[in-house]
Amino acid sequence: MRLYLSRFICLDVASNLERMEGESDRAAAGGAELCVFPESFLHGYTRQLDATEARRRFAAISLRHPETTFLFGSFTEARRNRMT
């Protein structure tokens, strides 16, 4: 199995979403079957995140790369830690 482990410093949410999309594309292009992002990589535990926008982008990435499984760690609206 080919894995892609993302690792980056959390900046602002908008640039983190852009980086997530770019890394997802690179992982899939490299033949990754599994792409894992760090816990709370989008918001760094303290920044506000539009959950609807994040879900939309997660879904778009998954549809664009059906051969790759993506793991995204984040908080729910109720501030519970979840893996998507």
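Residues numbered from 1 in each chain as written. Predicted model: local features only at pLDDT ≥ 70, side-chain atom pairs only at ≥ 80, totals over all residues. Heavy atoms only, no water.

S.K.: What am I meant to see in the side chain of T68 here?
M.R.: The residue T68 is located in the loop between α2 (51-64) and β3 (69-71) in this model. Looking at T68, its side chain comes within polar contact range of the main-chain oxygen of A32, at 2.8 Å. Not counting chain neighbours up to four residues away, the residues in contact with T68 comprise A28, A32, E33, L34 and C35. (Helix = DSSP H or I, 4+ residues; strand = E, 2+ residues; numbered from the N terminus. Polar contact = N/O pair within 3.5 Å; in protein donor to acceptor, adjacent residues only side chain to side chain. Contact = heavy atoms within 4.5 Å.)

S.K.: Where do I start with α2 in this structure?
M.R.: The periodicity of an α-helix, 3.6 residues per turn, causes residues three or four positions apart to be oriented the same way. For α2, built from 14 residues, the straight-helix expectation of 20 Å at 1.5 Å per residue is met to within 8% by its first-to-last C-alpha distance of 20 Å. Among all positions of α2, only A51, A54, R57, F58 and I61 are buried. Here the buried residues of α2 occupy an arc of 130° about the axis, which is enough to place them on one side. Of the exposed residues in α2, the ones pointing more than 90 degrees away from its buried face are T52 and L63. (Expected span 1.5 Å × (residues − 1). Buried < 20%, exposed > 50% of the residue type's maximum accessible area, 1.4 Å probe, protein only. Arc of directions from axis to C-beta.)

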